[in-house]
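Tertiary structure, described
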Amino acid sequence: MFKTEELQINIGPQHPSTHGVFRMLVTVDGETIIDLKPVFGYLHRNHEQIAEQNTYLQNMPYTDRLDYFNSMANNQAYAMAVEKLAGIEVPERAEYIRVLMVELTRILNHAGALGFLINDMGMWQTQLAFGMREREKILDLFEMASGARMMCNYFRFGGVVRDLPPEFMPKLKELLVAMPAFVDELERLLRENEILMQRAEGIGVLPRELALAYSVTGPVLRGSGVPYDIRKAEPYSVYDRFDFDIPVGSVGDVYDRFLVRIEEMRQSKRIIEQIVEQLPDARGGHINPKARQNVRPPVGDAYARIESPKGELGFYLVSDGSPRPYRYKVRAPSFINLTPLGDMCRGYKVADVVVILGSIDIVMGEVDR
Amino acid sequence: MPRLSPEELRERMARDLPGTVLEPTPLRVTPPPAHGPQPAPFVTTDTVVAAEQLVQAALYLRDTLGYAFLSDIAVVDYLADGVFELVYRFYTIEGGDGLVLKVRVPREAPEAPSLTPYWPGANLHEREAFDLFGIIFTDHPFLRRIYMWDEFEGWPMRKDFPKQGDKYIGADE
């Protein structure tokens, strides 16, 4: 009889599949995972402590650096928290521009995340290049509006920093025309793809009940079959005016999370089309002219959350009446979505860990903060 | 199920779990500004419960009221009053506003019961609170530092943590 022995190995922190500096302490029996503990902190810079020494406005560009793929979404959550705290109103047009930017962010995040996921499965580079090609087009739009491609720093309290330039809308409409072809192509290439089916179907299953108990959010939760999306569950901004569906999975495996992301790109496109229609009629300018940027909110606390592309992104702020927040707390979606990683990997093979981690879609800038 | 406001929650809890809800005493936010008007103390509108009854109250929210989704645990250091406030945020999957439970623990003995046995999703939140504030969650299965390294001394997010003269900076030189 052969006997196998349990072995503890480290995957990471320097490992191409960990999407940053992230370590997994894995106990294996042969190729099978018995236990997995995520270890983080390699990118920790005490974001919250630094933010408490900044003024409210100084933190706006700093939130870009949390989830550097989705700086617009981080901006929105933070701006909403400060507006709630200080009682600042946002004009209708500004809300539309904000939602437009965040939905574009969702598309580029998912295009990138799917590309990296396929990369992790060993279909090297082709798919990632496809996703990155689309991402570039959206980044061009961001550059047009905000002046920056990734660290946009576009939102201000009471609106956005400047209105959309005149050349923005024609480019956006071009993108909307070209977009369905990209998503369809991506789906056609991958939906029945043998490699993807072998590597994703039935792998990393997170059952519905477990997903809820683990407080995961975003595509991971919806992949497990829970139709929970803050845009519908607690509509903020102008999301109650748009018609869109929440895609959900059935099994909760890697494949379901993959399909949910593809469908979410289509739904975001639907929302953007409605924005293009409704934006010309929206009242107000791009920013509330009465909103002061060097805010001194009254003593109190506020929590605002949005459905960022990765899940529930929330900011909890406590004000002491000074220009700096007394407490600034980030509820980071990819940090909490890592909680069930051990349970999702148990019983699968070492090579599956890489794929399961890729399907959660983490960004270490947000996990470690 | 209709969503509850904080007042309704307090009423329901006073009826079903007598003695759990505490009077929300005002907390002073520090440091007061050098000049200008002194800020008013912060009186919360959320529900404050005793630390010993946190688990009972949280399970009441989950099992009786249907607020099963534990979204966030935040810690705030109220240095002037010598307390840490733990802010627990619960939501329902059907949607709508959430409910907040606040727990105050003294700074000298910051101990609170862990929710991880009931919500495995509380695990990393509580480890983060332990790492940065030094809150001890009793019954937590794996209460270890999460961001800082294991040998690190001190609690970096506390208001009295020295911002200058850190013994780890320049220690190699």
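The structure this text deals with has already been given above.
Sequence order as written defines the numbering, with residues in each chain counted from 1. To label them, take the chains in the order written and letter them from A, then take the ligands in the order written and number them from 1. Thresholds applied to this predicted model are a pLDDT of at least 70 for local features of residues and 80 or more for the giving and counting of side-chain atom pairs; totals over whole chains, interfaces and linings are not thresholded and use all residues. To get the side-chain values, all heavy atoms of the structure are used, and hydrogens and water are removed first.

1. Here's the deal with empty space enclosed by the protein
Just so we agree on the cut-off: Using a grid of 1 Å spacing that covers the protein atoms alone, one calls a set of points a cavity when a 1.4 Å probe fits there but cannot get out, and a pocket when the set is open and has protein on both sides within 12 Å along at least five of seven lines; lining residues are those with an atom within 4 Å of a point. Grid points are joined across faces, edges and corners, and a volume is the space filled by probe spheres set on the points. For the purposes of this entry, the term helix denotes a DSSP run of H or I that reaches at least four residues, the term strand denotes a run of E that reaches at least two, and both are numbered from the N terminus. Residues are grouped as follows: nonpolar covers Ala, Val, Leu, Ile, Met, Phe, Trp, Tyr, Cys and Pro; charged covers Asp, Glu, Lys and Arg; every other residue, Gly included, is treated as polar.
Under the definition given, this model contains three cavities of 30 Å³ or more. Here the largest cavity is characterised by a volume of approximately 70 Å³. Forming the walls of the largest cavity are E48, R327 and K329 of chain A together with I73, A74, V75, H125, E128, A129, L132 and F133 of chain B. Those elements giving two or more residues to the lining of the largest cavity turn out to be β8 (325–331) of chain A together with β3 (69–78) and α3 (122–133) of chain B. Sort the elements by how many residues they give to the lining of the largest cavity and α3 of chain B lands first, with five residues. Of the residues contributing to the lining of the largest cavity, the split by class is six nonpolar, one polar and four charged.

2. A word on the sheet that holds strand β6 (residues 300–308) of chain A
All names here are of chain A. The following threshold applies: Paired strands, as defined in this entry, are two strands with at least two bridges between them according to DSSP. Helix axes are fitted to C-alpha atoms over the stretch in contact, other axes to C-alpha atoms as well, and angles between N-to-C directions run from 0 to 180 degrees.
The strand order across the open sheet formed by three strands is β6-β7-β8, and the pairing between neighbours is antiparallel. Looking along the sheet, the strands with just one partner apiece sit at the ends: β6 and β8. Taken over all neighbouring pairs, the strand axes of this sheet differ in orientation by 10 degrees on average, direction set aside. Bridge analysis of β6 against strand β7 (residues 311–319) gives nine bridges, and the strand direction is antiparallel.

3. Focus on the packing of aromatic side chains
What counts, and what does not: Put simply, two rings from Phe, Tyr or Trp (the six-membered ring, in Trp's case) pair if the centres are within 6.5 Å, and we call them stacked under 30 degrees between planes, edge-to-face over 60, tilted for the rest. Accessible area is worked out with a 1.4 Å probe on protein chains only. A residue is then buried under 20% of its type maximum, exposed over 50%, and partly exposed in between. The criterion for a charge sitting over a ring is simple: Lys NZ or Arg CZ within 6 Å of the ring centre, and within 35 degrees of the ring normal.
Within this structure, the stated rule accounts for 22 aromatic pairs over all chains. Here F69 of chain A and F116 of chain A contribute two aromatic rings whose centre-to-centre distance is 6.4 Å and whose plane-to-plane angle is 90 degrees, an arrangement assigned as edge-to-face. Of this pair, F69 of chain A sits in the loop between α2 (59–64) and α3 (71–86) while F116 of chain A is found in helix α4 (residues 92–120), placing the two residues 47 residues apart along the sequence. In this structure F116 of chain A comes out as partly exposed when scored by relative accessible area, which is 26%. Within the aromatic cluster, the residues linked to one another by ring pairs are Y96, Y236, Y239, F242 and F244 of chain A. The side chain of R369 of chain A reaches across the aromatic face of F335 of chain A, ending 5.2 Å from its centre. The ring of Y303 of chain A is capped by R89 of chain B, whose NZ or CZ atom sits 3.9 Å from the centre of that ring.

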